[in-house]
Structure formats: structure tokens, C-alpha cells
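Inside the fold
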2 protein chains.
Amino acid sequence: MLESPNTDREHREPAITRQHVTPNAIDADEPWMRGLHADTGYLLYRLGLRSGQLFNTFLQASGLRLRHYAVLRFLAGSEGALQRELSTRLGYDPSAIVGLVDDLEKQGFAERRPSPDDRRSRIVVLTEDGRAFLRDTDEAGLRVTNDLLDPLDAADRQTLHTLLLRIAEDGLG
Amino acid sequence: MLESPNTDREHREPAITRQHVTPNAIDADEPWMRGLHADTGYLLYRLGLRSGQLFNTFLQASGLRLRHYAVLRFLAGSEGALQRELSTRLGYDPSAIVGLVDDLEKQGFAERRPSPDDRRSRIVVLTEDGRAFLRDTDEAGLRVTNDLLDPLDAADRQTLHTLLLRIAEDGLG
DNA sequence: AGCAATAATTGTTGACGTCAATAGTTGTTG
DNA sequence: CAACAACTATTGACGTCAACAATTATTGCT
């Protein structure tokens, strides 16, 4: 369980007036001296970690992890995918896909079928149980995201989502 | 090869008339059927991963990692911090702080000093070399973030940053 | 003095990313 | 058509990282 460490620290002002804030021979105006949260990349890193944690705790009851969930979601939208395809699209190593699909097969949420044209490939398809699982857990998954984005109203969430999407399209498949 | 599941933005109808659109026994309008990138939480997770990777590759020349850099940055703004403080503020486990400070001490970027009031605690302070390191690598660090946020203009980056900051303040220290 | 709480530390475990290597299969090319 | 290069899935090894449990030294409480 993650504690919320609000108690051990006084609240720091938003620094709209930053005249007298320099506390102790530290010049906070130097660019290399800016705080951690001043960097968007680091913010993304931290929030991404937290988002993954939330998702995993939400999934822990089902015995799956975020990676499995990502595979299921992708399969739900593609109706059968080669493992190679899962690898490139989800950004996971091919060797990781093996174990993930193994787990999903064990749970009965997906299965491998031989590809008709290429005996090297296997086609991973979502089973009916997999569809049911997605249907059942969908609402809970949305709750996780809603919990994370709690301080944002609907409009802000929309803009955040489009901004993130623009970044994602230019770097992830 | 199976049909590549075209990125969802090409031939998805506005769905005003959703009578006959069901292409292949898949109803893409079902909420649990939405694509991976439709969920902001998952987007955050993926982009956070990517951001961390970029930062780490940028830091690999110096022998440090993102976590070390985070500690250095925090120390630069706080002029001495208990390890316990680093743990709660950076979100790392206390056991992780040990190794991080060890590494920073080996590189000469930080050092532990005994706390005058509590012999259990150690105060970690940034050395002059640590300050120099931050000064030297600051520009490169900014380039990493700029590279990540390439598809966004200045105004969009600003809004993204404030949005992320609002989320971060309500969940991270 | 006795005892709970705390700071730093060690060790362990499981998840994760990366890379190398292999078997089976396909496509190409000389 | 035979040799060879490329590709798919798979296995294994290695190092990193996060989450816990346990330990030691110290402090605060009563």
C-alpha cells in the first residue's frame, strides 16, 4: 500500500512570487537548479509508474498483469494477430510475448492457431472467455484511470488525452 | 499475413448510423472494445516507460541512471536531506536509496554526513562535483525532454506540463 | 528501565527489458 | 535446385528495478 506522505512536509507555494524564496545560499533561478517536477519528461516517468501500479493492483485479483491486459485489449481490436505483430505493436520483446500468450492460454482467454500460409507463424485469437473477461473488467479499468485523473475535470482529461496521443503517435507504433 | 489492424483512425465511421457497420462479428462501439490508446492511464504508462528509457540512454555515458539523477536534482533543491526524506519525496523504497547514495558517493557527487540531532539519520548533501555535474548535463537533459515532446509546440507543452503537475500533486508528494 | 517507533541497511523475491542463440520454415539467388 | 539469407517463435542468460521482510542502531515515550 502506498502511503500519502502529506504530513511530514509543509506545503510549498506555487512560486508565483519568487523574489524571496531563495532559502539558503541556493540560487533557485539557475536552470540546472529547478526542481524535479519542473521537467515534463520526469513527470511522465513518475506518473507512468504510478499508472502502471494502479493498473496492476486492479488486475491482481485476476492473476493477470498490465502486459496481459494490453495483449487482450489489442486482440479485442484486431481479431487475430501474429505474435510478431503483438511484439512490434505493443513494444514488447518477442521473447516476452511467448510467456504472455502462454499465460493467457492457461487462463483460457486466448489461443494460438496455426497460420494457414506460414507454418512459422502462430495466430493468437481472443476466446469467448477472453471477451467476457474484458467485458467484465472494463468498468473497473475505467475506474482506475478515473482515480488517477481525479484532479482533472472532463475537459482537462480530454485535452490531456489528445496531447498524450500526439506524443504517442510520434514514437510508438 | 493477417490483416493489419489499421490504427483505428483510418476507417472508423463517425458512428452516427451504427446499424450495419459491424464488420466481422466485432462491434467496435462496445466500450470494452476500444483500443489500447483510448485509455489515458495506459498512455501514461507507455509514455512514462519511453521517457525513462530516453533519460537512461542519455545518462548512460555518466554511469548514472535516472534514479541517481532524480536524487541529485532533489538534493540540488534542498541542500541536504535525510535518506528517509529522499525516500518519501522521490517515491523510492528506503532500501533503494541506500544503493543510490552509495553510487553517488562513489562518483563523488554526494556524501553522507552525520545528523547532529539524530545519530540514526544521515544527511545527504550535494558536493561541488555534483553541482558541476548537474550544471554540465542540464542542457542535454532538456534536449531529451524536447525530443520526447517533439510533436507539441510550446503552448501545448505548457498545458501538458500543468496538467501532469496537477495529477502529480494529488498522488505523489 | 522497559518498550514501541524510527532510520538506515541487508537480503530476497518476482517482474521486466535486452540480448544471444536455436529450431523450424520461407524466400531468394546463383 | 541447391545453397544461403531472412524470418518466426522459442529458450536461456544477465542485469535492472520495485516491493517486502528482517535486522541493527538509535530515539522517544511512559
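You'll find the structure just up there.
None of the values given here were measured: they were computed from a predicted structure. (Residues numbered from 1 in each chain as written. Chains lettered and ligands numbered in written order. Predicted model: local features only at pLDDT ≥ 70, side-chain atom pairs only at ≥ 80, totals over all residues. Heavy atoms only, no water.)

A word on the protein's contact with DNA strand C. Around DNA strand C, the surrounding shell holds 18 residues, and the nearest of these are Arg67 of chain A together with Gln83, Arg84, Arg112 and Arg120 of chain B. When the atoms of DNA strand C within 4 Å of the protein are grouped by moiety, sugar and phosphate amount to 76% of the total. Within the contact set of DNA strand C, a base nitrogen lies 3.2 Å away from a side-chain nitrogen or oxygen of Ser95 of chain A. One of the side-chain N or O atoms of Arg112 of chain B is found 2.7 Å from a phosphate oxygen in DNA strand C. Per-element tally for the surface near DNA strand C: the top contributor is helix 4 (residues 94-107) of chain B, with three residues. Broken down by class, the residue content of the surface near DNA strand C amounts to four nonpolar, four polar and 10 charged. (Near = heavy atom within 4 Å. Polar contact = N/O pair within 3.5 Å; in protein donor to acceptor, adjacent residues only side chain to side chain. Helix = DSSP H or I, 4+ residues; strand = E, 2+ residues; numbered from the N terminus. Nonpolar A, V, L, I, M, F, W, Y, C, P; charged D, E, K, R; others polar.)

For the rest of this paragraph, the subject is the sheet that holds strand 1 (residues 81-82) of chain A. All names here are of chain A. With antiparallel pairing, the three strands of this open sheet are ordered in space as 1-3-2. Looking at strand neighbours, the two that pair on one side only are strand 1 and strand 2 (110-114), the edges of this open sheet. Here strand 2 runs beside strand 3 (residues 122-126); their pairing, made up of five bridges, is antiparallel. Of the residues in strand 3, the one forming a bridge with Ala110 is Leu126. The strands that helix 4 (residues 94-107) touches are strand 2 and strand 3; relative to strand 2, the one it contacts most, it runs at about 115°. (Pairing = 2+ DSSP bridges. Contact = heavy atoms within 4.5 Å. Axes fitted to C-alpha atoms, helices over the stretch in contact; angles between N-to-C directions.)

Now for the sheet that holds strand 2 (residues 110-114) of chain B. All names here are of chain B. Across the sheet, three strands lie side by side as 1-3-2; this open sheet has antiparallel pairing. Two strands in the sheet have a free side with no partner beyond their single neighbour: strand 1 (81-82) and strand 2. Along the sheet, helix 2 (residues 66-78) makes contact with strand 1, strand 2 and strand 3 (122-126), crossing strand 3 at roughly 90°.

Formed by 88 residues in total, the largest nonpolar core has its most connected members in Leu86 of chain A together with Leu86 of chain B. Filtering out sequence-adjacent residues up to four positions away, Leu86 of chain A remains in contact with Val71, Phe74, Leu75, Ala81, Gly91, Ile97, Val101 and Val124 of chain A. (Core = buried A, V, L, I, M, F, W, Y, C linked by side-chain atoms within 4.5 Å. Buried < 20%, exposed > 50% of the residue type's maximum accessible area, 1.4 Å probe, protein only.)

Right, let's talk about helix 6 (residues 154-169) of chain A for a bit. Taking 1.5 Å of rise per residue, the 16 residues of helix 6 of chain A would be expected to cover 22 Å, and the 22 Å separating its terminal C-alpha atoms lies within 8% of that figure. Looking at the buried side of helix 6 of chain A, the elements it contacts are helix 1 (40-59) of chain A together with helix 1 (40-59), helix 5 (128-148) and helix 6 (154-169) of chain B. You can read the cap of helix 6 of chain A off the contacts: a side-chain oxygen lies 3.2 Å from the backbone nitrogen of Ala155 of chain A, and it is on Asp153 of chain A. (Expected span 1.5 Å × (residues − 1).)

Turning our attention to the pairing of strand 3 of chain B. In terms of strand pairing, strand 1 of chain B meets strand 3 of chain B through two bridges, oriented antiparallel. Among the inter-strand pairings, Ala81 of chain B is bridged to a residue of strand 3 of chain B, identified as Val124 of chain B.

This brings us to the pattern of salt bridges. One pass over the structure, following the stated rule, counts 14 salt bridges over all chains. The closest approach of N and O atoms between Glu105 of chain A and Arg112 of chain A, which form a salt bridge, is 3.4 Å. Under the relative-accessibility criterion, Arg112 of chain A is labelled buried at 18%. Note that Arg113 of chain B is salt-bridged to Glu111 of chain B, the shortest N-O span being 3.2 Å. (Salt bridge = Lys/Arg side-chain N within 4 Å of Asp/Glu carboxyl O.)

This part covers the environment of Arg122 of chain B. Residues and elements named next belong to chain B. Tracing the sequence through the fold places Arg122 in strand 3. Its relative accessible area of 47% is what places Arg122 among the partly exposed residues. Each C-alpha atom, one on Arg122 and one on Gln83, is 6.6 Å from the other, the two residues being 39 residues apart in sequence. Among residues more than four places away in sequence, those in contact with Arg122 are Ala81, Leu82, Gln83, Arg112 and Arg113.

This part is about the packing of aromatic side chains. Overall, the coordinates contain 10 aromatic pairs over all chains when judged by the stated rule. Seen from their ring centres, Tyr42 of chain A and Tyr45 of chain A are 5.9 Å apart, and the 45° between their planes marks the pair as tilted. Of the two residues, Tyr42 of chain A and Tyr45 of chain A are both situated in helix 1; the distance of three residues between them amounts to about one turn of the helix. As far as burial versus exposure is concerned, Tyr42 of chain A and Tyr45 of chain A are alike and both buried. Considering the side-chain rings of Phe109 of chain B and Phe133 of chain B, the 4.7 Å spacing of their centres and the 25° angle between planes classify their relative orientation as stacked. Separated by 24 residues along the polypeptide, Phe109 of chain B in the loop between helix 4 and strand 2 and Phe133 of chain B in helix 5 bring together distant segments of the chain. Note on accessibility: Phe109 of chain B and Phe133 of chain B belong to one class, buried. Cation over ring: Arg67 of chain A sits above Tyr92 of chain A, and NZ or CZ is 4.4 Å from the ring centre. (Phe/Tyr/Trp six-rings, centres within 6.5 Å; stacked < 30°, edge-to-face > 60°. Lys NZ or Arg CZ within 6 Å of the ring centre and 35° of its normal.)

Within the structure, DNA strand D sits among 19 residues, and Gln53, Gln83, Arg84 and Arg112 of chain A together with Arg67 of chain B are positioned closest to it. Close to the protein, within 4 Å, the atoms of DNA strand D belong to sugar or phosphate groups at a rate of 74%. Within the side chain of Gln83 of chain A, an N or O atom sits 2.5 Å from a phosphate oxygen of DNA strand D. In this structure, a phosphate oxygen belonging to DNA strand D sits 3.3 Å away from a main-chain N or O atom of Arg122 of chain A. Elements with a contribution of two residues or more to the surface near DNA strand D: helix 1, helix 3 (83-90) and helix 4 of chain A. The element best represented in the surface near DNA strand D is helix 4 of chain A, accounting for three residues. Looking at side-chain class alone, the surface near DNA strand D contains four nonpolar, five polar and 10 charged residues.

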